[in-house]
Amino acid sequence: MKLVTYQLHGVSRLGAVRDGAVVDLTAVAPDMLTLIESGAEGLAQAEAYAKTASPTLPLNEATLLAPIPMPRRNVMCLGLNYVEHAKESYTARGQETKIPDFPIVFTKATTDVTGPYAAIPYDTAVSTRIDWEAEMAVIIGRQGKNIRPEDAMPYVFGYTIINDVSARDLQTQHKQYFKGKSLDGSCPMGPWIVTADEIPDPHQLAITSRVNGVTKQASNTRYMIFDIPAILYHLSRGMTLLPGDIIATGTPSGVGFARQPPEFLAPGDVVECEVEKLGVIRNTLAPEQT
């Protein structure tokens, strides 16, 4: 099932996509986080309702928001989780490549999260080196701590797409990821959550990004250094994962700062991030309205 958060008459609502239309699900749950927290029973009710209820509006007329417009806590992200991206990153900095022995984890602020087709703000007073990073994200479905790899996959509610937009100059200035990854609007997400039952193997999905129609990244999730069970194992060691947690699994090679010469986004540029079976998000870089 494809689950969306959409806007109708200025109100955020929960829906499901069926036959090119949106079916409203607010009779089942008021929002995505509530649905996720309701577990398997709630999801079964939503699926049954979505099969029989009348469509609310055509999908192409719906204003889609991020599936979880305001997460309860920061988006958790993995850095350097593809070998070729690790190589290009170290090479661009003139350093020897080091493949991580443990996941490199950082977070993006909740105020980063924006819709799958929303504009990405651009403010030259803050950053002029805005970069793209296509990623598959995992949505946690139930609470868990100290999760063993062999037990991990049932904790996954579903999958979505994230563009981990990055201000590379801020990353350099602050010597760490958080600030450069946390500008408002720098986490486009969506267009929906595809439930885990629809994706038999999330480790065999093509992942691509395009800027103004030109392919920049083209890889596959099978090349992740740490797969989803390993990610959940490491993140949950001594730390409780909660329903609705969002985990971005890393980006493949082809990002802008590592290109020769480096490439960064400018106002008017259109960035598309696509993951096989999950869809496409499309965002335009636009000057921030102040």
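Reading guide: rules and limits
Residues numbered from 1 in each chain as written. Predicted model: local features only at pLDDT ≥ 70, side-chain atom pairs only at ≥ 80, totals over all residues. Heavy atoms only, no water. Helix = DSSP H or I, 4+ residues; strand = E, 2+ residues; numbered from the N terminus. Rg over C-alpha atoms; globule rule 2.2 N^0.38 Å. Buried < 20%, exposed > 50% of the residue type's maximum accessible area, 1.4 Å probe, protein only. Contact = heavy atoms within 4.5 Å. Areas by Shrake-Rupley, 256 points an atom, 1.4 Å probe, with all protein chains shown as cover. Lys, Arg positive; Asp, Glu negative; His and termini not counted. Charge placed at Lys NZ, Arg CZ, Asp CG, Glu CD. Phe/Tyr/Trp six-rings, centres within 6.5 Å; stacked < 30°, edge-to-face > 60°. Lys NZ or Arg CZ within 6 Å of the ring centre and 35° of its normal. Core = buried A, V, L, I, M, F, W, Y, C linked by side-chain atoms within 4.5 Å. Pairing = 2+ DSSP bridges. Axes fitted to C-alpha atoms, helices over the stretch in contact; angles between N-to-C directions. Expected span 1.5 Å × (residues − 1). Arc of directions from axis to C-beta. 1 Å grid on protein atoms, 1.4 Å probe; cavity = no way out; pocket = protein on both sides within 12 Å on 5 of 7 lines; lining within 4 Å. Points joined across faces, edges and corners; volume = space filled by probe spheres on them. Nonpolar A, V, L, I, M, F, W, Y, C, P; charged D, E, K, R; others polar. pLDDT = per-residue confidence, 0-100.

1. Details of the overall build of the protein chain
Here comes step 1: If you tally the helices and strands in the protein chain, you get six helices and 19 strands.
Here comes step 2: Its C-alpha atoms give the protein chain a radius of gyration of 18 Å, near enough to 19 Å, the size a compact globule of 290 residues would have.
Here comes step 3: Counting only C-alpha atoms and orienting by the principal axes, one finds that the protein chain spans roughly 60 × 45 × 30 Å.
Here comes step 4: A burial count over the protein chain gives 53% of its 290 residues as buried.
Here comes step 5: The contacts in the protein chain between residues at least 6 apart in sequence include a share of 76% that link residues at least 24 apart.
Here comes step 6: Carbon and sulfur atoms make up 50% of the accessible area of the protein chain, which amounts to about 12600 Å² in all.
Here comes step 7: In the protein chain, 25 side chains carry a positive charge and 32 a negative one; their mean positions are 4 Å apart.

2. Some points on the packing of aromatic side chains
Here comes step 1: One pass over the structure, following the stated rule, counts one aromatic pair.
Here comes step 2: Arranged with centres 4.6 Å apart and planes meeting at 35°, the rings of phenylalanine 106 and tyrosine 177 form a pair that is tilted. Separated by 71 residues along the polypeptide, phenylalanine 106 in strand E7 (residues 104-108) and tyrosine 177 in the loop between helix H4 (168-174) and helix H5 (178-181) bring together distant segments of the chain.
Here comes step 3: In this structure, arginine 142 packs its charged tip against the face of tyrosine 155, placed 3.9 Å from the ring centre.

3. Considering the nonpolar core
Here comes step 1: Counting 50 residues, the largest nonpolar core has Ile130, Met136, Tyr159, Ile228, Leu232, Ile247 and Leu278 as the members making the most contacts within it.
Here comes step 2: Top contributing element to this core by residue count: helix H6 (residues 228-236), with five residues.
Here comes step 3: The contacts of isoleucine 130, once residues within four sequence positions are left out, are Tyr122, Val165, Ser166, Ala167, Leu183, Phe264, Leu265 and Leu285.

4. Things to note about the sheet that holds strand E18 (residues 270-275)
Here comes step 1: Overall, mixed pairing links the five strands, which are arranged E9-E19-E18-E15-E16 in an open sheet. Only two strands of the sheet have a single neighbouring strand rather than two, namely strand E9 (120-122) and strand E16 (214-220). The mean inter-strand angle of the sheet, taken between neighbouring strand axes irrespective of direction, is 15°.

5. Points about unusual backbone geometry
Here comes step 1: Here the amide bond leading from glycine 190 into proline 191 is cis, since omega sits at -5°, within 30 degrees of zero.
Here comes step 2: Examined against the element boundaries, proline 191 turns out to sit in strand E14 (residues 187-195).
Here comes step 3: A cis amide bond, omega -5°, links glutamine 260 with the succeeding residue proline 261.
Here comes step 4: Among the secondary structure elements, proline 261 is positioned in the loop between strand E17 (246-248) and E18.
Here comes step 5: Phi is positive for histidine 9, which is not a glycine, with a value near 55°.
Here comes step 6: Along the chain, histidine 9 turns up in the loop between strand E1 (2-8) and strand E2 (11-18).

6. Details of helix H2 (residues 39-52)
Here comes step 1: Look at H2: 21 Å from first C-alpha to last across 14 residues, which is about the 20 Å you get at 1.5 Å a residue.
Here comes step 2: The complete set of buried residues in H2 reads Gly42, Leu43, Ala46 and Ala50. The buried residues of H2 all sit within an arc of 100° when viewed along its axis, so they share a single face. Residues of H2 that are exposed and point more than 90 degrees away from the buried face comprise Ala40, Glu41, Lys51 and Thr52.

7. Some details on the layout of surface pockets
Here comes step 1: Size it by volume and the largest pocket reaches roughly 390 Å³.
Here comes step 2: Considered class by class, the residues forming the lining of the largest pocket number five nonpolar, three polar and five charged.

8. A word on the pairing of E14
Remark: a regular strand shows side chains that alternate across the two faces of the sheet.
Here comes step 1: Counting buried residues in E14 gives nine out of nine residues, a clear majority hidden from the surface.
Here comes step 2: In this structure, E1 lies alongside E14, joined through two bridges in antiparallel fashion. Residue pairing across strands places leucine 3 opposite isoleucine 193, the latter belonging to E14.
Here comes step 3: Taken together, the four bridges between strand E12 (residues 156-163) and E14 define a ladder with antiparallel strand orientation. Pairing of isoleucine 162 across the sheet is with methionine 189, part of E14.

9. Considerations on the pairing of E16
Here comes step 1: Across six bridges, the pairing between strand E15 (residues 206-211) and E16 is antiparallel. Among the inter-strand pairings, alanine 206 is bridged to a residue of E16, identified as asparagine 220.
Here comes step 2: Connecting E15 to the antiparallel partner E16 that follows it, the hairpin turn spans two residues, and asparagine 212 within it adopts a positive phi of roughly 55°.

10. Some remarks on empty space enclosed by the protein
Taking a probe equal in size to a water molecule and rolling it over the atoms shows the remaining empty space.
Here comes step 1: Taken as a whole, this structure holds one cavity of 30 Å³ or more when the rule is applied.
Here comes step 2: Put simply, the largest cavity is a space of about 110 Å³.
Here comes step 3: Lining the largest cavity are 17 residues, and of these Leu80, His85, Glu133, Tyr177 and Lys181 sit closest to its centre.
Here comes step 4: For the lining of the largest cavity, the elements supplying multiple residues, two or more each, are strand E6 (75-79), helix H3 (83-92) and H4.
Here comes step 5: Classifying every residue of the lining of the largest cavity by side-chain character gives five nonpolar, six polar and six charged.

11. Side note on the confidence of the model for the protein chain
Detailed reading of the predicted model is not advised wherever pLDDT is low.
Here comes step 1: Looking at the protein chain, the pLDDT average stands at 97 and 99% of residues meet or exceed 70.
Here comes step 2: Of all secondary-structure elements in the protein chain, the lowest mean pLDDT belongs to H4, at 93, while strand E11 (residues 134-140) reaches the highest, 99.

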